[in-house]
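Observations on the model geometry
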2 protein chains.
Amino acid sequence: MLSTTEENYLKALLQLTFEQEDKAEAGTNELAAQLGVKPATANDMLKKLREKQLIHYEKYGKSSLTAEGKKRAVEVVRKHRLWETFLYEHLGFTWDEVHEVAEQLEHIQSPKLIDRLDQLLNYPSFDPHGDVIPTASGEMKIPAKKTLNEEQVGHQCKMVGVKDNSATFLQYVDKVGLRMNQPIKVLSRQPYDELIEIEVNGLKSSVSPRFAENIVIVCNDCEIRMKSI
Amino acid sequence: MLSTTEENYLKALLQLTFEQEDKAEAGTNELAAQLGVKPATANDMLKKLREKQLIHYEKYGKSSLTAEGKKRAVEVVRKHRLWETFLYEHLGFTWDEVHEVAEQLEHIQSPKLIDRLDQLLNYPSFDPHGDVIPTASGEMKIPAKKTLNEEQVGHQCKMVGVKDNSATFLQYVDKVGLRMNQPIKVLSRQPYDELIEIEVNGLKSSVSPRFAENIVIVCNDCEIRMKSI
DNA sequence: TACAAATGTTAGACTAATCTAACAAAAATA
DNA sequence: TATTTTTGTTAGATTAGTCTAACATTTGTA
Ligand SMILES: [Mn+2]
Ligand SMILES: [Mn+2]
Ligand SMILES: [Mn+2]
Ligand SMILES: [Mn+2]
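As the structure is a computational prediction, the values presented were derived from the model and not from experiment.

Cut-offs and rules
Residues numbered from 1 in each chain as written. Chains lettered and ligands numbered in written order. Predicted model: local features only at pLDDT ≥ 70, side-chain atom pairs only at ≥ 80, totals over all residues. Heavy atoms only, no water. Domains from an automatic or database assignment. Contact = heavy atoms within 4.5 Å. Buried area = accessible area lost by both parts, 1.4 Å probe. Salt bridge = Lys/Arg side-chain N within 4 Å of Asp/Glu carboxyl O. Donors = N, O, S within 2.8 Å, 3.2 Å for Na, K, Ca; no water. Buried < 20%, exposed > 50% of the residue type's maximum accessible area, 1.4 Å probe, protein only. Core = buried A, V, L, I, M, F, W, Y, C linked by side-chain atoms within 4.5 Å. Helix = DSSP H or I, 4+ residues; strand = E, 2+ residues; numbered from the N terminus. Expected span 1.5 Å × (residues − 1). Pairing = 2+ DSSP bridges. Axes fitted to C-alpha atoms, helices over the stretch in contact; angles between N-to-C directions.

Right, let's talk about the domain arrangement of chain A for a bit. All names here are of chain A. Partitioning chain A into structural domains gives domain 1 (4-65), domain 2 (74-137) and domain 3 (145-224). Spacing between the C-alpha centres of domain 1 and domain 2 amounts to 23 Å. Contact residues are listed per partner, giving six residues for domain 1 and 10 residues for domain 2. Summing both partners gives a buried area of about 660 Å² for domain 1 against domain 2, and 47% of it is carried by carbon and sulfur. Applying the counting criterion to the domain 1 and domain 2 interface returns two salt bridges. The shortest N-O distance in the salt bridge between K11 and E106 comes to 3.0 Å.

Written as structure tokens, this is what we have:
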């Protein structure tokens, strides 16, 4: 069985090599920074994890997870996100409070506990931050990201990011009622001027294609790709 | 902040000096046995906990908790039993499965989490084993123990133990449908032969005073004593 | 290509928690 | 009371995880 520390290293490596972008490798300093330890410390752990066949690592080289290491790391991420969802949905935590506690809960060892939690939460696909929760078999449903401008009429989606960070844009976003991970319905599209009518939390607005181009969304009604990791 | 290990030592000391019987002191070997470590190990920790003013300890003497130590230990017990209740009532664990997982969960640091869990469970007084859950302020509601024979007609109670351990007695207990911590209603008492009519889980039975004298119960409808620790 | 900067490694030290083996004190008993 | 048994302590070693300081390698740039 892995220690809490070992689990944290595997998770950090997963986040650096798989989730943040598809680099597949991470440097020692980078990993140390992610975990808030000194490079010397991370270096020791890298050797230990290589011994256990959980990572690929060679002196002066970058590191990456083995199949087994990836599996373990994904399990930790799954637990983390299920706990975040539980704290948010059943205990009334706010989305910014859940992470810190989940950081502890993710290391509780009990497969049954996680299965039951998953069931209680009705097998959620996303955590309160909108991040994908891996399934029990280690797969991740990756929803296709696109801009609001590309979304089909009638579909429901949610904002996961913006492309413009200017104050005027963000204030406009706010005025329209858009918030991260809040459902957006695309009601119609005017053939004449291409204005898009959306509904957010009961509030209807019309936005321009230029505005919609800068809102990154994931579509709830679209096909999802299963990323097996 | 206390480490998991320190918390476990305080909890063990509480159990030895307060819960098991009112001895108020425990020896080093006894404590070591309770925790599954060697006396030498416990000895080191006793010195450390004395430094932190959490226990009273003198070389070759018995140990006991200070007020602060007791407070910390009770918090751990509270968390343990709230988690057990959660696992039992919300995740369908059986009463014998909950302890092991609660042993891990009791060390999660988040006052808000425990408050909310308490609220979700509707401020329970007892865990699935029938043990008292300390309140947020560190008090324990101690229900008066008596025998079923002493219980008033009309009251509800639950079995918490037996005085006779013979096979014939236990088989009879089983036949009547009695189980640990299951609600028992005392329906009536025949004036003629003193037979007591009870109802357990919908099943009505009549039992003799001799039988009832050997069933230890706590009364749900009786006054409780607040044990401040 | 040579040097400087960035990145990574090693050696040695520290703390927490554990152990074994030897020793010391207290308690029980003959 | 003297001896044995039980109980408790100390010293020294071990493992995991961390650090600092010195050193080595690789990478980027002048
Ligand atoms: Mn998180
Ligand atoms: Mn963690
Ligand atoms: Mn328990
Ligand atoms: Mn514990």
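Around the manganese ion (ligand 1), the donor atoms from the protein are A:H80 (NE2), A:E84 (OE) and A:H99 (ND1), and they sit 2.0 to 2.2 Å away. Residue A:H80 is classed as buried on the basis of its relative accessible area, which comes to 6%.

With 32 residues, the main nonpolar core has A:W83 and B:L105 as its most contacted residues. Contributing elements (two or more residues each) for this core: α4 (67-90), α5 (98-105) and α6 (111-120) of chain A together with α4 (67-90), α5 (98-105) and α6 (111-120) of chain B. Dropping the residues within four chain positions of it, A:W83 is found in contact with A:A102, A:L105, A:E106, A:L113, A:I114, A:L117, B:W83 and B:L105. Counting residues in hydrophobic clusters, the runner-up holds 25 residues, among them B:L14, B:L49, B:Y57 and B:V77.

Attention now goes to the coordination of the manganese ion (ligand 4). Residue and element names in this part refer to chain B. For the manganese ion (ligand 4), the full set of protein donor atoms is N8 (OD1), E103 (O), E103 (OE), E106 (OE) and H107 (NE2), at a range of 1.9 to 2.8 Å. Look at where the donors of the manganese ion (ligand 4) fall in the sequence and you get N-x94-E-x2-E-H. Overall, E106 belongs to the buried group, its relative accessible area being 0%.

Taking 1.5 Å of rise per residue, the 24 residues of α4(A) would be expected to cover 34 Å, and the 34 Å separating its terminal C-alpha atoms lies within 8% of that figure. After α4(A) finishes, the residue A:G92 shows a positive phi value of roughly 65°.

This paragraph deals with the environment of A:K70. Along the chain, A:K70 falls in helix α4. Here the alpha-carbon distance between A:K70 and A:L54, two residues 16 residues apart in the chain, equals 7.7 Å.

With that out of the way, let us pick up the pairing of strand β5 (residues 156-162) of chain A. Residues and elements named next belong to chain A. Pairing of β5 with strand β6 (residues 183-189) involves three bridges; the strand directions are antiparallel. Residue pairing in the sheet places C157 in a bridge with I184 of β6. Here five bridges tie β5 to strand β9 (residues 215-219), and the two strands are oriented antiparallel to one another. Across the sheet, the residue bridging to M159 is I217, located in β9.

Moving on, we get to the sheet that holds β5(A). All names here are of chain A. Strands sit in the order β4-β9-β5-β6-β7-β8 across an open sheet of six strands; the sheet is antiparallel. With one partner strand each, in any of the chains shown, β4 (145-147) and β8 (203-207) form the two edges of the open sheet. The sheet shows a mean angle of 40° between the axes of neighbouring strands, taken without regard to direction. Pairing of β4 with β9, which is carried by three bridges, proceeds in the antiparallel orientation. Looking at β9, one finds that K146 is bridged to I217. Relative to the sheet, helix α7 (residues 167-176) contacts β5, β7 (196-200), β8 and β9, its axis offset from that of β8 by approximately 140°.

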